[in-house]
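# Reading the structure
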Amino acid sequence: MRPPPDDGPGPGSPRARRATWAIFSLIGIVLFIAVIYLAGADRVDAILDAKPGWIAAAFGAGLAVTISSTFRWGYIANALAESRPLSWPQYWASLLTSRVLGLFVPRNASDLGVRFVALTGLGRTTPEVAAASIALDQLFDIALLVVWLVPSLLLLADVGGTWAWWLVPVAAVAAPAIMIKLGVAMRWVAGVLARVTARLGGRHGKIGDFFQRRSEGLSRLATVQHFTWRQSLAIAVVTFIRYGLNAVMFWTIAQALGLPIDLWTFILVGAAVQLSLVVAFTPGGLGIMDLGFVGLLALGGVASETVAAFNVGQRAFQYVFFPLMAGISYLATMRRGAVSTHESGSLPFPDGKA
């Protein structure tokens, strides 16, 4: 059955959404080409001579990053839901699906769309829990990245001397201190929103019913007591580990291409580059993330042609790694579902749990 045509000129019409996506994609492609051209493409052909052993190491590091990301998001969602909405293979498949989609749409849109649907549909959580889990998952990253940004930029530019190094332990203490308070802040915000929606829920009709349901969901979220400081500290540790693994992944990509960029440089540039993805409006951060690498690696003294080769190599890695990992995650989820069906004699994951 064909859906009714809806190609009107309004801002929310399919035609407008397609036009917006096409414009953002074009901007990303133009930016990417400009970045490579301005940086110099003398060593771009290095991707054709990539070393297989280092490619395997990059895939291993990337796998470790996705596993740590899955654990953190699943841990947060389980704590907020006070249950286990999804199995770990389902969390992994959902996260990787969002990463694959994020190659073609802005990363934030893909994260919110895929993971929200997975938790509310398959996991049957409330929209409030789903949205809060996704927001907190990103806020833990932002807390680390913002705190680490200043010392990393100073050290990268070799500015500040000895006192810049003293900011490293300060950042190592300040970041988890902020993360520990995120659960408390989330409950406070949920409480405020619950009171606001409760007032709106007093209205008659469908609008009143909608806000009443939101108020009930937010009120329950505001009373969650299982997101303790110990859980926050555990998530903070995983966030630090994930950041380090991301740096290792980029470093192994550079090694595969034979590029002289050391691991410490990637540890320093990672904060600003990852923050660029938070505000990136192009599909996969195309052009914006690459521009960040150009500026920051150049600030660290890396030759422009080396940066160009790395940008092309890491993009090629993403477009191979994430679809491949997503396929493996689907197989793992299907196999787990088949085992569950065989043991229970019913459909796999009837209640969204393993």
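Within each chain, residue numbers correspond to sequence positions counted from 1 in written order. The predicted nature of this model means local features are confined to residues of pLDDT at least 70 and side-chain atom pairs, given and counted, to a pLDDT of 80 or more, with totals for whole chains, interfaces and linings taken over all residues. Only hydrogens and water are removed before side-chain values are computed, so all heavy atoms of the structure are retained for them.

### As for the nonpolar core
Worth spelling out the cut-off: What is meant by a nonpolar core is a set of buried Ala, Val, Leu, Ile, Met, Phe, Trp, Tyr and Cys residues, joined one to another through side-chain atoms within 4.5 Å. Under the scheme applied here, a residue whose accessible area is under 20% of the maximum for its type counts as buried, over 50% as exposed, and between as partly exposed, the area being computed with a 1.4 Å probe on protein chains only. Strands are runs of DSSP state E lasting at least two residues, helices are runs of H or I lasting at least four, and both sets are numbered from the N terminus onward. Should any heavy atoms of two residues lie within 4.5 Å, those residues are considered in contact.
Phe-266, Phe-293 and Phe-310 are the most contacted members of the largest nonpolar core, which has 58 residues in total. Listed by contribution, the elements that provide at least two residues to this core are helix 2 (52-81), helix 3 (88-101), helix 5 (127-156), helix 6 (162-180), helix 9 (229-256), helix 10 (263-279), helix 11 (288-299) and helix 12 (304-344). Top contributing element to this core by residue count: helix 5, with 11 residues. Those residues in contact with Phe-293, other than ones at most four positions away along the chain, are Phe-250, Phe-266, Val-269, Val-273, Ala-298, Val-307, Phe-310, Asn-311 and Gln-314. Counting 9 residues, the second largest nonpolar core, distinct from the first, contains Trp-73, Leu-86, Ala-118 and Ile-134.

### Overview of the layout of surface pockets
Put simply, the rule is: Cavities and pockets are found on a 1 Å grid laid over the protein atoms alone: a cavity is a set of points where a 1.4 Å probe fits but cannot escape, a pocket is an open set with protein on both sides within 12 Å along at least five of seven lines, and a lining residue has an atom within 4 Å of such a point. Grid points are joined across faces, edges and corners, and a volume is the space filled by probe spheres set on the points. Amino acids outside the nonpolar list (Ala, Val, Leu, Ile, Met, Phe, Trp, Tyr, Cys, Pro) and the charged list (Asp, Glu, Lys, Arg) are all regarded as polar, and Gly is one of them.
One number sums up the size of the largest pocket: a volume of about 610 Å³. Along its surface, the largest pocket is lined by 34 residues, and Arg-99, Arg-107, Asp-141, Arg-242 and Leu-277 are the ones closest to its centre. Those elements that provide at least two residues to the lining of the largest pocket are helix 2, helix 3, helix 4 (107-122), helix 5, helix 9, helix 10 and helix 12. Ranked by the residues each element gives to the lining of the largest pocket, the list is headed by helix 5, at 8 residues. Of the residues contributing to the lining of the largest pocket, the split by class is 17 nonpolar, 9 polar and 8 charged.

### Some words on the side chain of Ser-232
Looking at the secondary structure, you find Ser-232 in helix 9. For Ser-232, a relative accessible area of 1% gives the class buried. Beyond its immediate sequence surroundings of up to four residues, Ser-232 is in contact with Phe-140, Met-179, Ile-180 and Phe-227.

### Quick word on the packing of helix 10 against helix 11
Our working rule: Inter-axis angles, ranging from 0 to 180 degrees, are taken between N-to-C directions of lines fitted to C-alpha atoms, where helices are fitted over the stretch in contact. By convention the crossing between two helices is left-handed if the near helix lies anticlockwise of the far one by an angle smaller than a right angle, and right-handed if it lies clockwise.
The interhelical angle for the contact between helix 10 and helix 11, taken along N-to-C directions, is 150°, at an axis separation of 9 Å. Between helix 10 and helix 11 the crossing geometry is right-handed. In contact with Thr-265, Phe-266, Val-269, Ala-272, Val-273, Ser-276 and Leu-277 of helix 10, helix 11 contributes Ile-288, Met-289, Gly-292, Phe-293, Leu-296 and Leu-297. Looking at the contact of helix 10 with helix 11 residue by residue, the classes come out as 10 nonpolar, 3 polar and no charged.

### Digging into the packing of aromatic side chains
Stated precisely, the cut-off is as follows: Ring pairs shown here join Phe, Tyr and Trp side chains whose ring centres sit within 6.5 Å, with only the six-membered ring taken for Trp; geometry is labelled stacked below 30 degrees between planes, edge-to-face above 60, and tilted in between.
The final tally for this structure, using the stated rule, is 15 aromatic pairs. Here Phe-71 and Tyr-75 contribute two aromatic rings whose centre-to-centre distance is 5.4 Å and whose plane-to-plane angle is 40°, an arrangement assigned as tilted. On the criterion of helical spacing, the pair formed by Phe-71 and Tyr-75 is a turn pair, its members being 4 residues apart in helix 2. Seen in terms of ring centroids, Phe-250 and Phe-310 are 6.0 Å apart; in terms of plane orientation they differ by 70°. Their pairing is edge-to-face. Residue Phe-250 is found in helix 9, and its partner Phe-310 is found in helix 12; the two are separated by 60 residues along the sequence. The two residues Phe-250 and Phe-310 agree in class, both being buried. Each member of the aromatic cluster is reached from another via a ring pair, and the members are Phe-71, Trp-73, Tyr-75, Trp-88 and Tyr-91.

### Here we look at the environment of Tyr-330
Its location among the elements puts Tyr-330 in helix 12. Given a relative accessible area of 36%, Tyr-330 falls into the partly exposed group. Sequence separation between Tyr-330 and Trp-92 is 238 residues; the distance between their C-alpha atoms is 8.9 Å. The contacts of Tyr-330, once residues within four sequence positions are left out, are Ala-93 and Thr-97.

### As for the confidence of the model for the protein chain
Under the convention used in this document: Looking at any residue, its pLDDT shows the predictor's confidence there, from 0 to 100.
For the protein chain, per-residue confidence averages 76 on the pLDDT scale, and residues scoring 70 or more make up 67% of the total. Taken together, the stretch residues 1-11 has pLDDT below 50 and engages in 9 contacts with residues farther than four places along the chain or on a different chain. Low pLDDT, under 50, characterises residues 338-354; the stretch is placed with 24 contacts to residues that sit more than four places away or in other chains.

### Quick look at helix 10
Keep this limit in mind: Multiplying 1.5 Å by the helix residue count minus one yields the expected span of that helix. We define the bend at each residue as the angle formed by axes fitted to the 7 residues ending at it and the 7 residues starting at it. Here a polar contact is recorded for every N or O atom pair within 3.5 Å, except that within protein the pair must consist of a potential hydrogen donor and a potential acceptor, and residues adjacent in sequence are included only if both atoms are side-chain atoms.
Taking 1.5 Å per residue, 17 residues should reach 24 Å; helix 10 reaches 25 Å between its end C-alpha atoms and fits that length. A maximum bend of about 45° is found in helix 10 at Gly-270. Within the sequence span of helix 10, burial applies to Thr-265, Phe-266, Leu-268, Val-269, Gly-270, Ala-271, Val-273, Gln-274, Leu-275, Ser-276 and Leu-277. Put simply, Asp-262 is the residue that caps the front of helix 10, since its side-chain oxygen is 3.2 Å from the backbone nitrogen of Trp-264.

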